[in-house]
Each structure stands twice: as structure tokens, then as C-alpha cells.
Amino acid sequence: MVTVTEDTFGTTINPLTKKEVTIRRFTISNDRRMSMQVINFGATITSLKVPDSHGVVDDITLGFDNIEGYLTENNPYIGCTVGRVCSRVGNGNFTLDGKKYEVTKNFLGKHMLHGGTHGFSKVIWEVDQIRPDGVSFKFISPDGHEGFPGEVVAIATYTITEDNCMRFCLEANTTKPTPVNMTNHAYFNLAGHNAGKQGMTEHIVKIKADCITDMDEDTVPNGEFIKLDNHPLDLRKLTNVGTGLRNISKIAKGYDHNYVLKYTPGCIEKQAKAFHPPSGRCMEISSNQPCMHFYTAHNMPDLEKKKGKKKKSNQPMIIGKGHSLYEKHGSFCMETHWYPDAVNHENFPSVILTPGETYQHVCIFRFGVYDPNCEKHRDVVCD
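Below or above, wherever it landed, is the structure these notes cover.

**Let's talk about the overall build of the protein chain**
A tally of regular secondary structure across the protein chain gives four helices and 29 strands. For 383 residues, the compact-globule estimate of 2.2 N^0.38 gives 21 Å, and the C-alpha radius of gyration of the protein chain, at 20 Å, lies within 12% of that figure. Seen through its principal axes, the protein chain has C-alpha atoms that stretch 60 × 50 × 45 Å. Out of the 383 residues belonging to the protein chain, those deemed buried represent 56%. Sequence separation of at least 24 residues holds for 66% of the intrachain contacts in the protein chain that already meet a minimum separation of 6. When the accessible surface of the protein chain is totalled, it reaches about 16400 Å², and 48% of it is carbon and sulfur. The distance from the centre of the 43 positive side-chain charges to the centre of the 44 negative ones in the protein chain is 5 Å.

**Overview of a nonpolar patch on the surface**
On the surface, a nonpolar cluster with roughly 250 Å² of combined accessible area is contributed by Met-317, Ile-319 and Leu-325. Relative to the helices and strands, Leu-325 resides in strand β26 (residues 325-326).

**Looking at the pairing of strand β19 (residues 221-227)**
The pairing of strand β18 (residues 209-215) with β19 spans four bridges and is classified as antiparallel. Considered in β19, the bridge of Met-215 is made with Pro-221. Counting the residues that bridge the hairpin from β18 to β19 gives five residues, and of these Thr-219 lies at a positive phi of roughly 60°.

**A few points about the pattern of salt bridges**
Counted by the stated rule, this structure contains twelve salt bridges. Where Arg-236 meets Asp-210, a salt bridge forms, and the shortest distance between an N and an O atom there is 3.0 Å. Taken as a pair, Arg-236 in the loop between β19 and β20 (239-240) and Asp-210 in strand β18 lie far apart in primary sequence, 26 residues in all. For Arg-236, a relative accessible area of 24% corresponds to the partly exposed category. Because the salt bridges share partners, they merge into one network encompassing Asp-210, Asp-229, Asp-234 and Arg-236.

**What to know about helix α3 (residues 241-248)**
Since the α-helix advances by 3.6 residues per turn, residues separated by three or four positions end up pointing in the same direction. Those residues of α3 that sit buried are Val-241, Gly-242, Gly-244, Leu-245 and Ile-248. An end-on view of α3 places all buried positions within 160° of arc, on one side of the element. In α3, the exposed residues that point more than 90 degrees away from the buried face are Arg-246 and Asn-247. For α3, the elements touching its buried residues are α2 (196-200), β17 (204-207) and β20. Capping the start of α3 is the job of one residue whose side-chain oxygen sits 3.0 Å from the backbone nitrogen of Gly-242: Asn-240.

**Regarding the sheet that holds β18**
With respect to topology, five strands assemble into an open sheet ordered β19-β18-β21-β24-β27, the strand pairing being antiparallel. The sheet is open, and its two borders are formed by β19 and β27 (333-337), each paired with just one other strand. Neighbour to neighbour, the strand axes of the sheet diverge by 30° on average, direction disregarded.

**Some points on unusual backbone geometry**
A cis amide bond, omega 5°, links Gly-83 with the succeeding residue Arg-84. You can see Arg-84 is positioned in the loop between β6 (81-82) and β7 (88-89).

**A closer look at the packing of aromatic side chains**
Going through the model one piece at a time under the given rule, you end up with 21 aromatic pairs. Geometrically, the ring pair formed by Phe-64 and Tyr-70 is edge-to-face, given 4.9 Å between the ring centres and 85° between the ring planes. Of the two residues, Phe-64 and Tyr-70, neither departs from the other in class, the shared state being buried. With centroids separated by 6.5 Å and ring planes inclined at 70°, the aromatic side chains of Trp-338 and Tyr-339 adopt a geometry described as edge-to-face. We classify Tyr-339 as buried; its relative accessible area is 12%. Within the aromatic cluster, the residues linked to one another by ring pairs are Tyr-158, Phe-168, Phe-188, Tyr-255, Phe-294, Phe-332 and Phe-365.

**A closer look at the side chain of His-111**
As for its placement among the helices and strands, His-111 is situated in the loop between β9 (99-102) and β10 (112-113). Classification of His-111 as buried rests on a relative accessible area of 3%. When sequence neighbours within four positions are dropped, the list of residues in contact with His-111 reads Val-89, Gly-90, Asn-91, Gly-92, Thr-104, Lys-105, Asn-106, Asp-218 and Val-220.

**Quick look at the sheet that holds β17**
Strand pairing in a sheet takes place through backbone hydrogen bonds and is either antiparallel or parallel in direction. One open sheet accounts for nine strands, arranged β11-β12-β13-β14-β29-β23-β22-β17-β20; its pairing is antiparallel. Two strands close off the open sheet at either side, each with one partner strand: β11 (126-131) and β20. Where strand β22 (residues 269-276) lies against strand β23 (residues 281-287), seven bridges are found, and the strand directions are antiparallel. Across the sheet, Glu-269 pairs through a bridge with Ser-287, a residue of β23.

**Remarks on the environment of Ile-130**
Its location among the elements puts Ile-130 in strand β11. Distance in space between the C-alpha atoms of Ile-130 and Arg-32 is 21 Å, their sequence separation being 98 residues. Residues in contact with Ile-130, not counting those within four places in the same chain, are Val-4, Glu-6, Arg-24 and Phe-26.

Rules behind the numbers
- Residues numbered from 1 in each chain as written.
- Predicted model: local features only at pLDDT ≥ 70, side-chain atom pairs only at ≥ 80, totals over all residues.
- Heavy atoms only, no water.
- Helix = DSSP H or I, 4+ residues; strand = E, 2+ residues; numbered from the N terminus.
- Rg over C-alpha atoms; globule rule 2.2 N^0.38 Å.
- Buried < 20%, exposed > 50% of the residue type's maximum accessible area, 1.4 Å probe, protein only.
- Contact = heavy atoms within 4.5 Å.
- Areas by Shrake-Rupley, 256 points an atom, 1.4 Å probe, with all protein chains shown as cover.
- Lys, Arg positive; Asp, Glu negative; His and termini not counted.
- Charge placed at Lys NZ, Arg CZ, Asp CG, Glu CD.
- Patch = residues over 30% accessible without salt bridge, like charges linked within 9 Å, V, L, I, M, F, W, Y side chains within 5 Å.
- Salt bridge = Lys/Arg side-chain N within 4 Å of Asp/Glu carboxyl O.
- Pairing = 2+ DSSP bridges.
- Arc of directions from axis to C-beta.
- Polar contact = N/O pair within 3.5 Å; in protein donor to acceptor, adjacent residues only side chain to side chain.
- Axes fitted to C-alpha atoms, helices over the stretch in contact; angles between N-to-C directions.
- Phe/Tyr/Trp six-rings, centres within 6.5 Å; stacked < 30°, edge-to-face > 60°.

Everything listed here is a matter of coordinates, which is why it stays silent on function.
Below, the structure written as C-alpha cells:
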């Protein structure tokens, strides 16, 4: 049985109306000791707890203890719903139906990142519906919001099931043709949200993708593709994250790449998995999206530098739940979505939503445990 309860998570100023609002938090739980907490600021996942192979329950997503943590300038989009367009919009502009649109340049002063300064991750969503198995949030993005045309009504629904699946569904409608490409930006560590780099590098991952989208020095897609045959970024076979990070260290600061998935339009398919052998926790990701961005948090503070082992870093600490320090390569994101910066590349499938159409993004995270000595768990490591 799944239950839903509500409490509050502090107050803040709505960046669009400038009025003070109370943040609503929902706890969704099942009888198998899985629970998820979500808030209506940024339609954000703040906690996700699942048991390990020994029955120990731990929180496996990064987050903050209060709303103030989510408001800090160095919050790297932890747990939030990202939109109207996730990832980058190169040079902060695009052309649609012969008209050039300038959008907010909040990345390096020349590109848009994750929907702009007050994108979907930084606004207050209405509570649209409290369901038996979760909650739906609604945000009405006005015409011209962050430079995008058309009023967009977005719905973000978060649910869990009795068999330990977390599901999110992102939907949108528009009054004018406009780009829409939403995702959730949860950071995971199956060893526990505070297990850091040591726990993170114990993970084993797999992504069903034959290529990645190539990018320029600003990490903006350039319209080209890189085949993964005999390439260090290939994750089609089960790969230890620590080993993988060492193998790619000469070409990248970490995994921060858009994987083009084996994709059947209109179908929800298994696309990736991650598991942590010491705890036995495993996670399988299925979605109806053609891409997945795999990111190992290399932009978070390097705690080794903070401890003086290397050159001192001036990057401010990220202080998470329970005063945990979140660090470089201490967590990972698996963000399913459409092709990044598709508005600027004609060879990428279009992300333009038109009036009368409904954008729908479904993603399912299935959690379980892995025991190498148990026959029924063998599918965790098989294709």
C-alpha cells in the first residue's frame, strides 16, 4: 500500500510574484520501506529512501535539510524539475518560424543553461493534485518567460509503486510553437547520499547507447556525433565508475555527456542501470526519451583540495542533508530527455511543441537489491 502525507518545508519569496509563500512537502511511502519526499519549489525530489540487501534503509539522493539550501547560488540543480528547455541553448538564441529569439544567457555569459535564471527549477509550482500514490505539480510559464514564446502549462507528477519503482511524468501544452525539453536533475549515490567519492566509485553502470553527441569547449553540442566503438566513454558493457573515470581522465574531467539511446518512439524501454555491490542496491532506468545525460558531478567542490592535499580551492562548500559535504565525483545524474540544443541543429529531432499537442516525458526508476549468489537477482547484471 502507498500512502501520501503533507507537511511544510519553510517559506520563501516567489521570484515571479515577489510574494512570500509556504513551501509544501509531500512524503510518499510504501510497505516495502521505500519513501520519497518532494516539494513544490522547483517540483524537487528532496529525499529518496530504499533498503539495501541487508534491509538497511538509506537516503540515496542528494538534497538539503531546508528551503534555504535550495536557494543558495551554488546549488547545482539538485533534485529539481528542469525546463522549459534543459541542458544548453547555444549562444542564448534560436530561430523559430523565421523569427530569432534571445533567451537568458546564464551560462558563461553567452549560453542558456537549464531554462535560465528562473527556469522551472527555480519557481513555485502549484499543487495540482494529491494522488493515492503521489502528487502532481503545475506551473504556468508565461509568454516570454526567460525569452521563450508562448504560455506553457507544465505538469510534473511524482509517484511510487508497491514494488519500489519511482516514476515521474512531465507534461506540457502551449499557446504558441515553442521548444520544450524537460527532465529531472536528481543526484544519486546508492551507497547513501553522504557516501561521497569513495561510495560513488564503487558503482557499476551500463547505458544502452552506441554514440554520444559531440560538443565544443563550452560543452555545447556542435551537431556532430561520436561513435562509441572502441571509445573510453562506451558504457554498453558493465563498467566500474572508478575505473571509468580513470580511463577517461585524459579526455574529460568526468562523465558529462549526452548518450544517444537505443530508442523506439512511443515506447518506455529499459535504457540504463546502476548498482552498488557493497550495499547490493541497484537501480534500473526506463523512459520514452531518446537521450540520457550521464554526469558524475565533477563541478562540485574537490574536498581533497579543501583538505590541502592539492592546491587550495576557492569554490564554496555544498552543505547537504545532515551537514554532509557534497563533493566532486561523489554522486551521479542519469537525466533522460530529448536531444540537447536541438533548436540550433537541424539534424537533431525537433523539440518544438505546437498548440494542440501534448509533450509527455515518462521515466521510471526501479530499485532493488543484488546478491551475486542468488539466482533470481542474476538479471541485474544481465542485458
